[in-house]
Amino acid sequence: MKLPFVISIPHCSDRIPDAIKPTLALSHEDIDYSVDTGTREIFGSLDAADVLWARWSRLVVDLNRDPTRRDAKGVIARVDYSGREVFHSGMAPPTEEIDERLEKYYWPYHHRLKEALEQDTIKGLFDGHSLNGVGPSEAPDAGRKRKDIVLSNNGDPNGEETPSLGPTTCSVEILHAMKQIFVSAGFSVSLNNPYTAGFITTHYGRKLRERGKFAVQMEINQDLFIEPGTVRILPERLSAARGRIRQCFNDVARMI
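Along each chain, residue indices are assigned from 1 in the same order as the chain's sequence is written. Under the rules for a predicted model, residues below a pLDDT of 70 receive no local features and side-chain atom pairs below 80 are neither given nor counted, while totals for whole chains, interfaces and linings still include all residues. Values shown for side chains rest on all heavy atoms present in the structure; no hydrogens or waters enter the calculation.

**Some points on the overall build of the chain**
Item 1. When helices and strands are tallied, the chain shows 6 helices and 6 strands.
Item 2. In DSSP terms, a helix is any run of H or I states spanning at least four residues, a strand is any run of E spanning at least two, and both are numbered starting from the N terminus. Overall, the chain shows an N-to-C arrangement of helices and strands of β-α-α-β-α-β-β-α-β-α-β-α.
Item 3. Projected onto its principal axes, the C-alpha coordinates of the chain cover approximately 50 × 40 × 35 Å.
Item 4. Contacts are residue-level and defined by heavy atoms, with any inter-residue pair within 4.5 Å sufficient. Taking as baseline every contact in the chain between residues at least 6 positions apart, the subset at least 24 positions apart corresponds to 75%.
Item 5. To measure how exposed things are, a 1.4 Å probe is used in the Shrake-Rupley method; for residues, cover is taken only from the protein chains shown. By element, 50% of the accessible surface of the chain is carried by carbon and sulfur atoms, the whole surface being about 11,900 Å².
Item 6. Counting rule for charge: Lys and Arg are taken as positive, Asp and Glu as negative, and neither His nor the chain ends is counted. Think of each charge as sitting on NZ of Lys, CZ of Arg, CG of Asp or CD of Glu. Of note, the chain has its 33 positive side-chain charges centred 4 Å away from the centre of its 36 negative side-chain charges.

Encoded structure:
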């Protein structure tokens, strides 16, 4: 029986179209570090009702950003999470090219996601990410060690709604029940810290809440399955983490 969830994996790819590669000031290693390592291997293995994953790098277009956001960390980022300039001087895409990238790389994903979430049998959305073990320089928790799992519903560290952020995307009761499931599996877990939830979770989550459903952003600490100081996946550690997380999702589905 499939899990009654839609899984979104927006930052799992390192692919860059040939026409865009010459504009990037980043090295191959920098591009590798822009990927949410392990997310397709872990979230993509879940037997969910629908699983969507990015075909192109977030440096081409960031699927987890508001399409109208055009600042340095917007839908086409000009600065990465380590503070590096993404493009060579004078080669950032102009407005016309941004619109073309949205049409080609952004909207197809979101149209599919919207369709998937309209299924009556779907109970919720998980937007799947991974994060560095220690916050990078441009992150809200720069230099601090992170938990194994971060569950976010656009609330405070207890999952409660805050005036500055607006409505939450998942009830406190369900979020805490999820947290307990992961804690019981041996993971350390934080709520809305360091991230309170991105565009995909908040945009679709508020509509899902109106229908009695939920959306949660889930971050997995890469230290669970990579070689320290690299983004190289250690197969045995990945397999172990994947198995534990899969069991947690089965328990969440039973709880829901």
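**Quick look at the environment of arginine 70**
Item 1. By the secondary structure assignment, arginine 70 is in the loop between strand 2 (48-53) and helix 3 (95-117).
Item 2. Type-normalised accessible area, obtained with a 1.4 Å probe on protein chains alone, sets the label of each residue: buried when under 20%, exposed when over 50%, and partly exposed for intermediate values. Arginine 70 sits in the partly exposed class, given a relative accessible area of 36%.
Item 3. Along the chain, arginine 70 and glutamate 160 lie 90 residues apart, while their C-alpha atoms are 30 Å from each other.
Item 4. Setting aside residues up to four positions removed in sequence, arginine 70 forms contacts with Val75, Arg78, Thr95, Ile98, Asp99 and Leu102.

**Focus on the nonpolar core**
Item 1. With 63 residues, the main nonpolar core has Leu151 and Phe249 as its most contacted residues.
Item 2. Take this core: its biggest share by element is 8 residues, from helix 3.
Item 3. Not counting residues up to four positions away in its chain, the partners in contact with phenylalanine 249 are Leu3, Phe5, Ile7, Phe43, Leu46, Phe126, Phe182 and Met218. By nonpolar core is meant a set of buried Ala, Val, Leu, Ile, Met, Phe, Trp, Tyr and Cys residues that side-chain atoms within 4.5 Å join together.

**As for helix 4 (residues 172-184)**
Item 1. To estimate how far a helix should reach, multiply one less than its number of residues by 1.5 Å. Here helix 4 spans 18 Å end to end across 13 residues, near enough to the 18 Å set by a 1.5 Å rise per residue.
Item 2. Looking only at helix 4, the buried set comprises Leu175, Met178, Ile181 and Phe182. The buried residues of helix 4 occupy an angular sector of 120 degrees when projected down its axis, which confines them to one face. Turned more than 90 degrees away from the buried face of helix 4 sit Glu173 and Ser184, all of them exposed.
Item 3. Residues of helix 4 that are buried in the fold lie against strand 3 (124-131), strand 4 (149-152), strand 5 (189-191), strand 6 (214-221) and helix 6 (235-255).
Item 4. One or two steps after helix 4, the chain reaches glycine 186, where phi turns positive at roughly 95 degrees. This arc is built from the directions going out from the helix axis to the C-beta atoms.

**So, the packing of helix 4 against helix 6**
Item 1. Here an axis means a line fitted to C-alpha atoms, over the contact stretch when the element is a helix, while the angle between two N-to-C directions is reported on a 0 to 180 degree scale. Two numbers describe how helix 4 lies on helix 6: the axes approach to 9 Å, and their chain directions differ by 145 degrees. By crossing handedness, the relation of helix 4 to helix 6 is classed as right-handed. For the pair helix 4 and helix 6, the contacting residues are Ile174, Ala177, Met178, Ile181 and Phe182 in the first and Cys248, Phe249, Asp251, Val252 and Met255 in the second.
Item 2. Residues are sorted three ways: Asp, Glu, Lys and Arg are charged, Ala, Val, Leu, Ile, Met, Phe, Trp, Tyr, Cys and Pro are nonpolar, and all the rest, Gly among them, are polar. Residues of the contact of helix 4 with helix 6, tallied by class, amount to 9 nonpolar, no polar and 1 charged. Crossing handedness: left-handed means the near helix sits turned counterclockwise from the far one by under a right angle, and right-handed means the same turn made clockwise.

**Some words on the pattern of salt bridges**
Item 1. When a carboxyl oxygen of Asp or Glu is within 4 Å of a side-chain nitrogen of Lys or Arg, the pair counts as a salt bridge. Under the definition given, this model contains 15 salt bridges.
Item 2. The salt bridge partner of arginine 58 is aspartate 62, with a shortest N-O separation of 4.0 Å.
Item 3. On the basis of relative accessibility, which here comes to 4%, the residue aspartate 62 falls in the buried class.
Item 4. Among the charged side chains, a network of salt bridges with common partners joins Asp36, Arg58, Asp62 and Arg65.

**Details of the packing of aromatic side chains**
Item 1. When the centres of two rings from Phe, Tyr and Trp lie within 6.5 Å, Trp using its six-membered ring, the rings pair. Their planes under 30 degrees apart give stacked, over 60 give edge-to-face, and anything left gives tilted. Tallied over the entire structure, the rule returns 10 aromatic pairs.
Item 2. Ring geometry for phenylalanine 5 against phenylalanine 249: centres 6.5 Å apart, planes inclined by 70 degrees, an arrangement best described as edge-to-face. Linking phenylalanine 5 in strand 1 (residues 3-9) with phenylalanine 249 in helix 6, this pair joins segments that are 244 residues apart in sequence.
Item 3. For phenylalanine 5, a relative accessible area of 0% puts it in the buried group.
Item 4. The exposure class assigned to phenylalanine 249 is buried, which follows from its relative accessible area of 0%.
Item 5. Ring centres of tryptophan 56 and tyrosine 105 lie 5.5 Å apart, and the angle between their planes is 65 degrees; on these two criteria the pair is classed as edge-to-face. In this pair, tryptophan 56 is assigned in the loop between strand 2 and helix 3 and tyrosine 105 in helix 3, connecting sequence segments 49 residues apart.
Item 6. Note on tryptophan 56: relative accessible area 25%, which makes it partly exposed.
Item 7. On the basis of relative accessible area, tyrosine 105 is assigned to the buried category, the value being 13%.
Item 8. Through a chain of ring-to-ring contacts, the aromatic side chains of Phe5, Phe43, Phe126, Phe182, Phe187, Phe214 and Phe249 assemble into a single cluster.
Item 9. Criterion for a charge above a ring: Arg CZ or Lys NZ at most 6 Å from the ring centre, at most 35 degrees from the ring normal. Residue placement shows arginine 55 over the ring face of tryptophan 53; its charged tip is 3.7 Å from the ring centre.

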